[in-house]
Amino acid sequence: MAEWFREYWQYAAGLVGVCIVAFFIFRAAARAYSAHKKSYREEEKYITRLKELKEKYVPLTETAIENAPDEELLEGAALGIQLALQKKENIEEEFEKLSEEKKLIYTLDIFAADKTLQTFFRENSEVLKSRLVPGLDLISLSEYSKRIRPVAMMFDERDESVSFDEQKVKVLDEELEKENFLSLIKLSAAKYIKDNPKVFCD
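Cut-offs and rules
- Residues numbered from 1 in each chain as written.
- Predicted model: local features only at pLDDT ≥ 70, side-chain atom pairs only at ≥ 80, totals over all residues.
- Heavy atoms only, no water.
- Helix = DSSP H or I, 4+ residues; strand = E, 2+ residues; numbered from the N terminus.
- Buried < 20%, exposed > 50% of the residue type's maximum accessible area, 1.4 Å probe, protein only.
- Contact = heavy atoms within 4.5 Å.
- Areas by Shrake-Rupley, 256 points an atom, 1.4 Å probe, with all protein chains shown as cover.
- Lys, Arg positive; Asp, Glu negative; His and termini not counted.
- Salt bridge = Lys/Arg side-chain N within 4 Å of Asp/Glu carboxyl O.
- Core = buried A, V, L, I, M, F, W, Y, C linked by side-chain atoms within 4.5 Å.
- Polar contact = N/O pair within 3.5 Å; in protein donor to acceptor, adjacent residues only side chain to side chain.

1. Regarding the overall build of the protein
Looking only at helices and strands, one finds 13 helices and zero strands in the protein. Along the chain direction, N to C, the helices and strands of the protein fall in the order α-α-α-α-α-α-α-α-α-α-α-α-α. When the 202 residues of the protein are sorted by exposure, 33% land in the buried category. Considering only contacts within the protein whose residues lie at least 6 apart along the sequence, 63% involve residues at least 24 apart. Working note: accessible area of the protein is about 13,400 Å², and carbon and sulfur atoms make up 55% of it.

2. A word on the side chain of Asp109
Looking at the element boundaries, Asp109 is found in helix α6 (residues 100–114). Among buried charged residues, Asp109 stands out as having no salt bridge; its nearest opposite-charge side chain is Lys186, 7.2 Å away. With near-sequence residues (within four places) excluded, Asp109 lies in contact with Leu74, Glu75 and Ala78.

3. Digging into the environment of Leu108
Inspection of the secondary structure assignment puts Leu108 in helix α6. Apart from the residues within four sequence positions on either side, Leu108 is in contact with Leu74, Leu132, Gly135, Leu136, Ile139 and Ile185.

4. Re the nonpolar core
In summary, soluble globular proteins display a tendency toward joint burial of nonpolar side chains. Core analysis: the biggest nonpolar cluster contains 45 residues, and Ile105, Leu117, Phe121, Leu132, Ile148, Phe181 and Ile185 have the highest contact counts within it. Of the residues forming this core, the biggest block, seven residues, is contributed by helix α4 (residues 70–86). Ignoring sequence-local partners within four residues, the contact set of Phe121 consists of Lys129, Leu132, Ile148, Val151, Ala152 and Phe155.

5. Focus on the side chain of Asn124
In this fold, Asn124 is placed in the loop between α7 (117–123) and α8 (126–129). Here the side chain of Asn124 touches Asp114 through a polar contact of 2.8 Å, side chain to side chain. Sequence-distant contacts of Asn124, defined by excluding residues within four places in its chain, comprise Ile110, Asp114, Thr119 and Lys129.

This is the structure:
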């Protein structure tokens, strides 16, 4: 066997090379499959969640509002608004027809889903970006709206009074995460909706 390897070493080296390549291909395929399964599970979980929320909150009634867990009421109320908008030909035009309270609650839910200021302000239109600060004021989180207002101004293309500072945005996002800001939004929004059910029931 040793003599064969000495005589045909180039074939042996080639075989080892093929085995190494095959190993990496197999590992990459395994990772891709694992990632696909994870993505599928997450998507399935998300769809199931939406179905449950729809059954509980669409259409939104005073009874549903009264009985809703505070942590999910914002999402449930916003889902009803979203589904109504999706049925329309011109979503932005229909959005403008909503009451200001509904616009602000919808905006807060979008922010809660985006999770960070960076994501929210980069991925949404001015229609929503301009309503985050007023939305926080609506649900009595003015101490946070004051802190976020400078960031909103940074992302406002029409406002040249504030220069963009990515580090400040990052630091504020980290502070808000430590303060459980998203949970606070959900709880405060739920309180507002429960205090004003007729505003949100069609």
